[in-house]
Amino acid sequence: MATRLLNMTDSNVESRSEDEEHDACESGFSAVSDARLVDEARRGNTDSFGQLVLRYERRVLRVIRRFMPDDQMAQDLAQEAFLRAFDRLEQFDPSRRFGPWLFRIAVNLTYDHLRRVRRRGRWALFSEAGYERPPDPATDDPRQHLDTSQEVRMVLADVPEAYRTVLILRDLEGFSTSEVAAVTERSEATIRWRLAEARRMFREAWERRDRAMEERQKRE
Amino acid sequence: MKCSDARHLIHLAAGDDNLPDEEQALAEHLHSCADCRSYSAGMTDAMQVLQKFRHDTTVVDEVSIWPDVERRIRERRTARPAVPAEAPDRRQPKRQFHGGVVALCACSLVLAFITIVQSLPVNDAMNVQMLSPDFRVNVGTVPRLQPGAGQAGSVSSAPVFVPVMTDSAGRPVMIPQPLQQSPSARPADRQTHSF
Ligand SMILES: [Zn+2]
């Protein structure tokens, strides 16, 4: 099996330049382990926690943005994830890795937010505003105006949460299966099974979308 | 290998997630199964869409969120008096007074007390004791509504027994029944007791 094991810290994010990497190493930034920074943060050293934030923020933000297109909301959720992690540092098991624990917080927060939005959407259906807004023929099918990224995001939204998380972390963010297992607190065997199912679901949903587009083009 | 097993491995192979022996078994199956070869090609196309999306998303905002996070941590600390860092053991959660638990205990005790009091002989002075059913007095009949099958129901009569109590000297004691003797009650419901 070819391994795609990526370090979870921001220092290995592909978009980071080599100069930045060099600077980070020069300053000793990456030399300090997560465990030590966590330990210092638990003793009340906010600066150490700041180093952890700088180390993970881009990756956390990227993961959150996989689930939602709203940049500002993703930023807010990322902040909230770090604040929650800081508040719960006492509960963190130091024998485990900090990264998966942090990503678990971020993913859970994101799903909580998406559920709230979905509930609000359901309520809006029953509100007066929902009834008063007439359907706009020009934007009747929102998919007509989507680019590929938005379409992929919509198709992903149809995949059940447990499978979508695995698909996003593994195939879009390049986490290894063991890292996904650590984030989701499931066994690697479960993750492998879910990954296979998630890819099947995505493929079927994407093919359905392709067929719908072809039929629309025929009608036009 | 069955085609269903091969499909499972095809999904994993799409992201290089098969073990070497699984990869070998899949390759052998694909060599001999055109359906699965076609399915595998479709899976590759779907994965290419995902790969494209993977490289599409970039974090536009290069500004760090740490200053905002730090500010919010400081605001929280000023809102809640900070605990000195040199005494981490004192940062353990304090024991809190749970008013709800105390109220629940109090209610339970009151209920238990009422139950015990009700089970005791209430009036020692009169030493009231319930007689056995043999000493019940039939005071007449009362109409009783009996539901009929799909009909409004029929009225029949049923004997009414009233328990008789005696005091310590064995004399019968009247049990006060204000509701049944209320003047507002309908005549059929009203019962008079004569001993
Ligand atoms: Zn086959």
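This text follows the structure it describes.
Keep in mind that what you see is a predicted model, and the values were worked out from it rather than measured. (Residues numbered from 1 in each chain as written. Chains lettered and ligands numbered in written order. Predicted model: local features only at pLDDT ≥ 70, side-chain atom pairs only at ≥ 80, totals over all residues. Heavy atoms only, no water.)

(A) Summary view of the overall build of chain A. Helix and strand counts for chain A come out as ten helices and zero strands. When the helices and strands of chain A are read in sequence order from the N terminus, they spell out α-α-α-α-α-α-α-α-α-α. Expressed as a percentage of its 220 residues, the buried residues of chain A come to 47%. Long-range contacts, defined as pairs at least 24 residues apart, comprise 67% of the intrachain contacts of chain A with a sequence gap of at least 6. For chain A, the exposed area adds up to about 11,800 Å²; of that, 48% sits on carbon and sulfur atoms. (Helix = DSSP H or I, 4+ residues; strand = E, 2+ residues; numbered from the N terminus. Buried < 20%, exposed > 50% of the residue type's maximum accessible area, 1.4 Å probe, protein only. Contact = heavy atoms within 4.5 Å. Areas by Shrake-Rupley, 256 points an atom, 1.4 Å probe, with all protein chains shown as cover.)

(B) Focus on the overall build of chain B. Within chain B, the secondary structure is distributed over five helices and five strands. Each helix and strand of chain B, ordered N terminal to C terminal, gives the series α-α-α-α-α-β-β-β-β-β. In chain B, once contacts between residues fewer than 6 apart in sequence are set aside, the share between residues at least 24 apart is 43%. As displayed, chain B has an accessible area near 14,400 Å², and 58% of this comes from carbon and sulfur atoms.

(C) Focus on the interface of chain B and chain A. Counting residues at the interface gives 42 residues for chain B and 50 residues for chain A. Contact between chain B and chain A buries roughly 4,400 Å² in total, counting both sides, with carbon and sulfur atoms accounting for 56%. Its largest share of buried area at the contact with chain A, chain B owes to Phe53, Arg54 and Ile65 of chain B, together 17% of the area lost on that side. The interface formed by chain B and chain A contains five salt bridges. Between Asp87 of chain A and Arg76 of chain B there is a salt bridge whose closest N-O contact spans 2.2 Å. Listing elements by their share of the side of chain B that touches chain A, those giving two or more residues are α1 (3-13), α2 (20-32), α3 (34-56) and α4 (66-79) of chain B. (Buried area = accessible area lost by both parts, 1.4 Å probe. Salt bridge = Lys/Arg side-chain N within 4 Å of Asp/Glu carboxyl O.)

(D) Geometry of the environment of Val107 of chain A. Residues and elements named next belong to chain A. Considering the arrangement of structural elements, one finds Val107 in helix α5 (residues 98-126). Expressed as a C-alpha distance, the spacing of Val107 and Phe67, which sit 40 residues apart in the sequence, is 8.8 Å. With near-sequence residues (within four places) excluded, Val107 lies in contact with Val63, Phe67 and Thr165.

(E) Region of the structure containing the side chain of Arg104 of chain A. When you line up the elements, Arg104 of chain A lands in helix α5. Ignoring sequence-local partners within four residues, the contact set of Arg104 of chain A consists of Ala182, Val183 and Glu185 of chain A.

(F) Layout of the coordination of the zinc ion. Residue and element names in this part refer to chain B. With distances of 2.1 to 2.3 Å, the protein atoms coordinating the zinc ion are Cys3 (SG), His29 (NE2), Cys33 (SG) and Cys36 (SG). Given four donor atoms and angles of 101 to 113° at the metal, the environment of the zinc ion is assigned as tetrahedral. All donors of the zinc ion belong to a single chain; written as a sequence motif, their spacing is C-x25-H-x3-C-x2-C. Summarising the burial analysis for this pair, Cys33 and Cys36 share the class buried. (Donors = N, O, S within 2.8 Å, 3.2 Å for Na, K, Ca; no water. Tetrahedral: all angles 85-135°; square planar, octahedral: opposite > 155°, others 65-115°.)

(G) Representation of the packing of aromatic side chains within the structure. Residue and element names in this part refer to chain A. Applying the stated criterion across every chain, the model contains eleven aromatic pairs over all chains. Between Tyr56 and Phe103, the aromatic rings sit 6.2 Å apart at their centres with planes inclined by 75°, giving edge-to-face as the arrangement. Taken together, the positions of Tyr56 in helix α3 (residues 46-67) and Phe103 in helix α5 put the pair 47 residues apart, joining distant regions of the chain. Tyr56 gets classed as buried once you look at its relative accessible area, which sits at 2%. Ring geometry for Tyr163 and Trp193: centres 6.4 Å apart, planes at 55°, overall tilted. (Phe/Tyr/Trp six-rings, centres within 6.5 Å; stacked < 30°, edge-to-face > 60°.)

(H) Inspection of the pattern of salt bridges at higher detail. Overall, the coordinates contain 26 salt bridges over all chains when judged by the stated rule. Residue Arg43 of chain A is joined to Asp39 of chain A by a salt bridge in which the shortest nitrogen-to-oxygen separation is 3.4 Å. Close ionic contact of Arg74 of chain B with Glu70 of chain B constitutes a salt bridge, the shortest N to O distance being 3.2 Å. Taken as a pair, Arg74 of chain B and Glu70 of chain B lie in helix α4 at a separation of four residues, close to a single helical turn.

(I) Representation of the nonpolar core in the model. Counting 75 residues, the largest nonpolar core has Phe49, Val60, Phe82, Phe98 and Phe202 of chain A as the members making the most contacts within it. Filtering out sequence-adjacent residues up to four positions away, Phe82 of chain A remains in contact with Phe49, Leu52, Val53, Tyr56, Glu57, Val60 and Leu102 of chain A together with Ile65 and Val69 of chain B. (Core = buried A, V, L, I, M, F, W, Y, C linked by side-chain atoms within 4.5 Å.)

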